[in-house]
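Structural overview for review
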Amino acid sequence: MKTRIPPGIPRPLLALLPPLAACFLQWQFWAVIRPSAWLLFYPAVFCSSWIGGPFAGLFATALSTALAWWFFIPPEYGFLKADAESIVSAAVFVGMGILFSHGHARLRQATQQAAESREAAHDANDRLQVAALEAARRALHSAQALPLHSAPLDLFPQPAVATEVAPLTLVVEDNPDMNAILAEALGRRYRVATAFDGQEGLAKALELRPDLIVTDLMMPGMNGDSMLRQLRGHGQLRDTPVVVLTANADEDLRVKLLQEGVQDYVHKPFLVEELLTRADRLLSERKRTRDRFEMLVRSSPNGIVLVDREGRIVLFNAALEKMFGYPRAELLGQTVELLVPERLRERHVQSRREFAAHPEIRAMGARRDLSGRHKDGREIPVEIGLTPVDTEQGPMVLTTIIDITQRKQAENEIRERTTQLEAINKELETFTYSVSHDLKAPLRGIDGYSRLLLEDHAAQLDEEGRKFLANVRQGAQQMGQLIEDLLAYSRMERRAMQRNPVALADLVRAVVGEMDDEIRSRSVELRLEVPPLLAHADPDGLLCVLRNVLGNALKFSRDAKPPLVEIGAREENDTVLIWVKDNGIGFDVKFHERIFEIFQRLQRSEDYPGTGIGLAIVKKAMQRMGGQVWAESTPGEGATFFMRLPGATPPHAESANTAESNGAPP
Amino acid sequence: MTLSTALPGMPDATRAPPCGAIAPILLVEDNPMDADLTLRAFAKRKFTNPVHVARDGEEALAWLRRWEAGEPTPLVILLDLKLPRVSGLEVLRRIKEDNRWCNIPVVVLTSSTDDLDVRTAYRLGANSYIVKPVDFDKFMDVAAQIEVYWCALNQPPCIDRSAT
């Protein structure tokens, strides 16, 4: 029961009010209440004594009695001539009034005593704790004679390579003795910083970034839990483990703090060993995580370096040492520009600043060639990846460096080899050219002189002689054709293929026109069913293909009566299918692969002349144009050669599209 | 039917140039058999203009000096490309770059079908590019056509020896 008096209102007044109020109310409702004269005065006195205390209660009793006697006890408005009943009821009332007052007085006393006791208990607790710690300490000292850890030294953490430096703990405790003892206990194993209230604790935590915080909750000024709440708001301190010293009574607070990420509780009074154990556990967990991270960094085959805002090297791994040839000691604390070639150092500092302003994960200089500088001065081609990280010591950049010397070497080798291959290809071209020229010349001679012999010296030759010469000529001609075909094949292999939209119908008509004489002389029935389709092809290549395929169709249907050749085309999805069908001698499909090979012939050359290269040229050409060729046939019933090419959209449709997208009317 | 008289209204093959002397043909050909066959082909067609033969690029260029000295320039130069010492393309270039001789028609007569050769020849100013067939009959046809076209039909250019 809180006896809170609104400020500024004196007690006597309060004592007055309830009785007067009761009197007034009773007067108003006397008709209903009569004859209970004391009815409302009882609660009035109760209130007065409750609010105002015992004396107010007594005064109110007196006042109420007077008021009641005057106003409500018959005869009304007089003090004398009351009957026995009235006097008894008055006496009862006064008695009750006194009882209320007394009762409240005692209640008040009791509450006050309780509060005092609690405070005293708290105080006693603390003192007990101090005593216990002190005792433990003395016991330990006498047992082990450990040197005392002196005041915390250089608290700004050195750049760590491995955590050989002891973790830093922060003790926030307002009781100076307790604070000292905690500091001392923790100081045996760790570095310690101290603070004596929440505000100081917060400031020191932000400045020093401790590995562990041990804090009391009840402190003057800013208490423990608001300090923690504020701490957690800062990114780097979000994960700092916290041990809270709490008294038993703070149950609700404990639950709340658990939710806020307090790692552990130590109840007061506690054993120093308990605190140390918990601190150890938290710190070792933290160390384990850090160790894991360091192990990852250490074992990485790529160089890893952690660089702070000023460009100083904070952390690195063995791979980095090896890559750049610096022993560990020479890298610590150096700026990262040590690893950058001199000519690039200035720009690197600039880039670093720019990156710090807009940090993001990225590969550095994606299209540039990056170099690092080895200790011995030579430059190493590298690839660098940057990741900004938030650490306890502030924002830093985690940099991964990969030595790409080998990759560069491989690239160079490839480039060299490509150049070599290109040179060889050029040589081959020159060779082919020379071959064609040099082979054809003697052939001309052979053919020419044989002919001249036949013409000018026919008289000196007999039948047989003339026949021999005819054979010589034929041989020369065949060889000439062979050379031509070989050259054509080699050209098909080597030359650059264009990829244009080609009007099929036009090409077919052109080829048919070339062979017009032959078609007419053999009375070939030619059927053309070529719709106006477009295909992506090299025009000369496709001409060559059609020439060869149509030539074959005509050749092998020579003996049919009548020879029938059909050329057609149709669109299939995104491709164009062309076919040339004849009713000639056909071939057995088991030779399907062979007929497309070079020099493979299925017929005797005297029956069907040819060099055996035509279809090889066709296949090579189709391949290089991104198409396919195949054939279907039944011996004696002709053959159909199919060619598939990628389709093309008509150019006017394309330009219409672009015109539309450019906003111009189509 | 001899081709040289096949065209009506044409004088016979021995055409006198405006300057008066009988105009020759210059054949630049290193292969002796090819040269011989060409000459015989011309002979078979009853071609009577003299045919001078240069056996390599240097001999061909020597002719340039002879024209300077006053000898009659040819009606047409038949030029093979694959020549020892100075190449056919080089000869072509020298002729076409010289303002005095650039108007003389040059017919490249070679066995090469190489695209690059064709392009370069035309770029350097060749008037025509003909591939020598292996077949002798065809070869004779080609020779005849060349002769008819360039020696009978074509109006030869006027040569200005003082041009620079």
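Everything below is about the structure shown above.
The sections below set out a description of the structure shown in this document. (Residues numbered from 1 in each chain as written. Chains lettered and ligands numbered in written order. Predicted model: local features only at pLDDT ≥ 70, side-chain atom pairs only at ≥ 80, totals over all residues. Heavy atoms only, no water.)

Considering the overall build of chain A
Where we set the bar: In DSSP terms, a helix is any run of H or I states spanning at least four residues, a strand is any run of E spanning at least two, and both are numbered starting from the N terminus. A simple rule labels every residue: compare its accessible area, found with a 1.4 Å probe on the protein chains alone, to the largest value its type can have, and call it buried under 20%, exposed over 50%, or partly exposed in between. Note on contacts: a residue pair is in contact if any heavy atoms of the two residues lie within 4.5 Å. Here the Shrake-Rupley method, with its probe set to 1.4 Å, supplies the accessible areas, and only the displayed protein chains count as covering residues.
Scanning chain A for helices and strands turns up 21 helices and 18 strands. Residues counted as buried form 39% of the 666 residues belonging to chain A. Residue pairs at least 24 apart in sequence account for 63% of intrachain contacts in chain A once pairs closer than 6 positions are excluded. For chain A, the accessible surface area stands at approximately 37200 Å², while carbon and sulfur atoms represent 58% of it.

What to know about the overall build of chain B
Across its full length, chain B carries five helices and five strands. Counting all 164 residues of chain B, 51% fall into the buried class. Taking contacts inside chain B between residues at least 6 apart in sequence as the whole, the part at least 24 apart equals 71%. Taken as a whole, chain B presents about 7600 Å² of accessible surface, with 52% of it coming from carbon and sulfur.

Some words on the nonpolar core
Put simply, the rule is: Buried Ala, Val, Leu, Ile, Met, Phe, Trp, Tyr and Cys residues that are joined via side-chain atoms within 4.5 Å together make up what is termed a nonpolar core.
The biggest cluster of nonpolar side chains holds 48 residues, and the ones touching the most others in it are Leu542(A), Val545(A) and Phe641(A). The greatest single-element share of this core, amounting to nine residues, is contributed by helix 18 (residues 539-556) of chain A. Not counting chain neighbours up to four residues away, the residues in contact with Leu542(A) comprise Val502(A), Leu504(A), Leu507(A), Ala537(A), Met625(A) and Leu645(A). Of all hydrophobic cores here, the second largest spans 26 residues; its members include Leu83(B), Leu89(B), Leu124(B) and Tyr129(B).

Structural notes on the interface of chain B and chain A
Think of interface size as the accessible area that goes away when the parts come together; that is how it is often given. How we decide: Once two parts are brought into contact, the accessible area they lose, counted with a 1.4 Å probe and summed over both, makes up the buried area. Salt bridge, as used here, is a side-chain nitrogen of Lys or Arg placed within 4 Å of a carboxyl oxygen of Asp or Glu. Polar contact criterion, stated in full: a pair of N or O atoms within 3.5 Å, where within protein one must be able to donate a hydrogen and the other to accept it, and residues adjacent in sequence count only if both atoms are side-chain atoms. Gly falls in the polar group here, along with every residue not listed as nonpolar (Ala, Val, Leu, Ile, Met, Phe, Trp, Tyr, Cys, Pro) or charged (Asp, Glu, Lys, Arg).
At the interface, 22 residues of chain B touch 21 residues of chain A. Here chain B and chain A share an interface that buries about 2000 Å² over both sides, 53% of which is from carbon and sulfur atoms. Three residues, Lys82(B), Ser111(B) and Val134(B), lead the burial of chain B against chain A; their summed loss comes to 31% of the area buried on that side. Across the contact surface, chain B and chain A share six salt bridges. One salt bridge in this structure joins Asp137(B) and Arg473(A), with 3.5 Å as the shortest N-O distance. Taken together, chain B and chain A are joined by eight residue pairs in polar contact (both at pLDDT 80 or more). Residue assignment for the side of chain B that touches chain A shows that the elements contributing at least two residues are helix 1 (32-44) and helix 5 (136-153) of chain B. Sort the elements by how many residues they give to the side of chain B that touches chain A and helix 1 of chain B lands first, with six residues. Along the lines of polarity and charge, the residues of the side of chain B that touches chain A split into six nonpolar, five polar and eleven charged.

Remarks on the pattern of salt bridges
All names here are of chain A. Counting across every chain of the model gives 49 salt bridges over all chains. Among the salt bridges present, the one from Glu-484 reaches Lys-440, with a minimum N-O distance of 3.0 Å. Taken together, the residues span a long stretch of sequence, with Glu-484 in helix 15 (residues 463-494) and Lys-440 in helix 14 (residues 405-456) at a distance of 44 residues. Residue Lys-440 is classed as buried on the basis of its relative accessible area of 1%.

Describing the sheet that holds strand 3 (residues 76-79) of chain B
All names here are of chain B. As a reminder of what qualifies: Each pair of strands is called paired provided DSSP finds at least two bridges between the two strands. To get an axis, a line is fitted to the C-alpha atoms, and for a helix only the part in contact is used. The angle between two axes follows their N-to-C directions and goes from 0 to 180 degrees.
An order of 2-1-3-4-5 is seen for the five strands of this open sheet, with the pairing classed as parallel. In the strand order of this sheet, the two ends are held by strand 2 (51-54) and strand 5 (128-131), each with one partner. Across the sheet, the mean angle separating the axes of adjacent strands is 20 degrees when strand polarity is ignored. By the bridge criterion, four bridges tie strand 4 (residues 106-110) to strand 5 in an arrangement that is parallel.

Observations regarding the pairing of strand 16 (residues 575-582) of chain A
All names here are of chain A. Within strand 16, six of the eight residues are buried, which leaves it mostly tucked inside the rest of the structure. Examined bridge by bridge, strand 15 (residues 564-572) and strand 16 share eight bridges and lie antiparallel to one another. Within the sheet, the bridge partner assigned to Ile-567 lies in strand 16 and is Val-580. Counting the residues in the hairpin turn of strand 15 and strand 16 gives two residues, including Asn-573, whose phi is positive at 55 degrees.

What about the sheet that holds strand 4 (residues 242-246) of chain A?
In a beta sheet, neighbouring strands are held together by backbone hydrogen bonds and run either parallel or antiparallel to one another. Residue and element names in this part refer to chain A. Strand order across the open sheet formed by five strands is 2-1-3-4-5, with parallel pairing between neighbours. Here the strands that pair on one side only, and so sit at the sheet edges, are strand 2 (191-195) and strand 5 (264-267). Going across the sheet, the axis of each strand differs from the next one's by a mean of 20 degrees, ignoring polarity. Sheet analysis places strand 1 (residues 168-172) next to strand 3 (residues 212-216), joined by four bridges and oriented parallel. By the bridge assignment, Thr-169 is partnered in strand 3 with Leu-212. Along the sheet, helix 6 (residues 176-187) makes contact with strand 1, strand 2, strand 3 and strand 4, crossing strand 2 at roughly 165 degrees.

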